[in-house]
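Fold and contact review
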Amino acid sequence: MSEKPPSIEVLQGIDSASEVLSYDGQKTREAVEPEILDEQLFQKHVTHLGEAPDGGLRAWLVVFARVHFQSIEQSLTSFCCSAGLVMFSTLGFLLSWGIFQAYYEENLLLHTSPSTIAWIGSTQYAFMCLPSLVTGRMFDLGYFKVPFFAASCVLVACTFLTAECTKFWQLFLTQGVGLGVSCGFLYSPAVVIVSHWFSKRRGLALSLTTVGTALGSIVFPVVAQNLIPLIGFQWTVRVFGFILMATLGTANALLKRRLLPVNVRGGLFNLKAFRNKAFTVYCISGIMTLLGLYTELIYLSVSATAIGVSTDFSFYILAIANAASALRVSYGLISDRIGAINTMVILTTVTGIATIAWPFAKNESQLIAIAAIYGFSLGAYVSLYSAPLVAMGHMEDAGRRVGMFVSLLAIGGVAGPPISGAISTTTGGFVAAGCYSGGIIIFGVVLLLVARYLHLGRLWGKF
């Protein structure tokens, strides 16, 4: 009697539950704690497990669109771009906060201090991170499509409502809280879905996905610069809403997960994960890094006008910084060779140095050069932070692990920009704020090195 042919799960290569791939592709045996996995549900839903496909049409397009093809190799690529649309619409949009900061300071909120206005932007970043604690757990359990669609509707609605706001508290609620929370419900699931489809080339896939972030943070400032003089601020923000409606509509129609949901015990916040010292130090490093990571990006347009750059061109300097980060695909290629943390250490150190140098720019040319270096190096952390997290445990728990980390980043995200703004207001310039932000970024890099040592058990290695 002939054997039963292998199931499609085998062909697609679903990850093994009894073995977990370490970041360099070597299989590392790890005991599965009974407290972590619900064995009965696991055996029921996932019976044939193997490696991630690491390529093909469907996998590269979770890095755009869900497309059904006969060939597995073609169908795998249908995802690398859909996640890119999500990044464009969420982090790409939020990283354009600098255009709002400058406009509010000079027009809409003229009598409000810059550090107070910065609370809107920092709240966006924080609330983008906080829901990840919930969305990561929900994703692991299989709740993806409905929350994703609901968050997309809220994001578009809040964008249109922002155009109607005239007071600080209105902007804080719609743009700070509303946009931030809805982006948080969209962001983490998109990151984890890409990790479903890639293992050895995960760094490259994640970097390609976050190119959407760079494109969004270029498109929105350029659109604002050209449309505000023509149609005004309100209609410019409405145009943003129509753009988001198109990109998120496409992403909702086309995104798809690969692995079946698994009931992972431990609740939303699994404290047992912190028994892993490398994971704990990595989380602390993330908080420290976020305290200073976006300071230059937020205040770049404002500092440009302070040294005599025209208001019109100051928006383009922000776009230049974001355009430089579009080269982040190279980080994925590098990280697949030397490891994600190793790549992050090198380039995030450059980010810290560029942040310290930023306030010392005395003319337009110097500021453009520093902004380009800052933008190029900034993309490494944003692109690769999730790769080590996925490698620090089982794929079945990856959503919650990434969600826990991103939620903790909210501490740095909400506190960083207002602290920098307060320092700038107190000192009457950006020198002290730049030194504080750059210094704390470099401290975060030192903690990355500690996390790598704790994970590998040696001072150097691929991770």
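That block above? That's the structure.
Residues numbered from 1 in each chain as written. Predicted model: local features only at pLDDT ≥ 70, side-chain atom pairs only at ≥ 80, totals over all residues. Heavy atoms only, no water.

Turning our eyes to something else, we now look at the overall build of the chain. Helix and strand counts for the chain stand at 22 helices and 2 strands. The buried share of the chain, reckoned over its 463 residues, is 58%. Carbon together with sulfur atoms contributes 67% to the accessible area of the chain, which is approximately 17,500 Å² in total. (Helix = DSSP H or I, 4+ residues; strand = E, 2+ residues; numbered from the N terminus. Buried < 20%, exposed > 50% of the residue type's maximum accessible area, 1.4 Å probe, protein only. Areas by Shrake-Rupley, 256 points an atom, 1.4 Å probe, with all protein chains shown as cover.)

Along the polypeptide, threonine 247 turns up in helix H13 (residues 211-254). Residue threonine 247 is classed as buried on the basis of its relative accessible area, which comes to 12%. At 3.2 Å, the side chain of threonine 247 and the backbone oxygen of leucine 244 are in polar contact. (Polar contact = N/O pair within 3.5 Å; in protein donor to acceptor, adjacent residues only side chain to side chain.)

Here we take up the pattern of salt bridges. Under the defined criterion, the tally for this structure stands at 1 salt bridge. The salt bridge involving glutamate 164 is made with arginine 238; its shortest N-O contact spans 2.7 Å. Pair noted here: glutamate 164 is in the loop between helix H10 (145-162) and helix H11 (168-197) and arginine 238 is in helix H13, with a separation of 74 residues, a long-range link. In this structure arginine 238 comes out as buried when scored by relative accessible area, which is 15%. (Salt bridge = Lys/Arg side-chain N within 4 Å of Asp/Glu carboxyl O.)

A few words now on a nonpolar patch on the surface. Together, Phe443, Val446, Val450, Tyr453, Leu454, Leu459 and Trp460 make up a nonpolar patch on the protein surface, roughly 710 Å² of accessible area in all. With respect to the element layout, valine 450 can be found in helix H22 (residues 431-456). By relative accessible area, which is 34% here, valine 450 ends up partly exposed. (Patch = residues over 30% accessible without salt bridge, like charges linked within 9 Å, V, L, I, M, F, W, Y side chains within 5 Å.)

Between the first and last C-alpha of helix H16 (residues 311-324) there are 21 Å, a value that for 14 residues agrees with the 20 Å anticipated at 1.5 Å per step. Residues Ser314, Phe315, Ile317, Leu318, Ala319, Ala321, Asn322 and Ala324 constitute the buried set of H16. Contacts from the buried residues of H16 go to helix H7 (97-108), H13, helix H15 (295-306) and helix H19 (364-384). (Expected span 1.5 Å × (residues − 1). Contact = heavy atoms within 4.5 Å.)

One finds Phe100, Tyr104, Tyr282, Tyr294, Tyr385 and Phe405 to be the most contacted residues of the largest nonpolar core, which totals 112 residues. When residues in this core are grouped by element, the largest group, 10 residues, is from H11. (Core = buried A, V, L, I, M, F, W, Y, C linked by side-chain atoms within 4.5 Å.)

Moving on to the packing of H7 against H13. Where H7 meets H13, the closest approach of the two axes is 12 Å, and the angle between their N-to-C directions is 60 degrees. Taken together, the axes of H7 and H13 lie oblique to each other. With respect to the hand of their crossing, H7 and H13 are arranged in right-handed fashion. Here H7 contributes Ile99, Phe100, Tyr103 and Tyr104 to the contact with H13, which in turn contributes Phe220, Pro221, Ala224, Ile228, Phe233, Val237 and Phe240. (Axes fitted to C-alpha atoms, helices over the stretch in contact; angles between N-to-C directions. Parallel < 35°, antiparallel > 145°, perpendicular 65-115°, else oblique. Left-handed = near helix turned anticlockwise from the far one by under 90°.)

What follows covers the side chain of threonine 90. Within the secondary structure, threonine 90 is located in the loop between helix H5 (82-89) and helix H6 (91-94). Of the residues examined, threonine 90 reaches a relative accessible area of 0% and is grouped as buried. Of the polar contacts made by the side chain of threonine 90, one reaches the backbone oxygen of valine 86; its length is 2.7 Å. Those residues in contact with threonine 90, other than ones at most four positions away along the chain, are Cys183, Leu186 and Tyr187.

Such coordinate-based values are descriptive only and should not be taken to indicate function.
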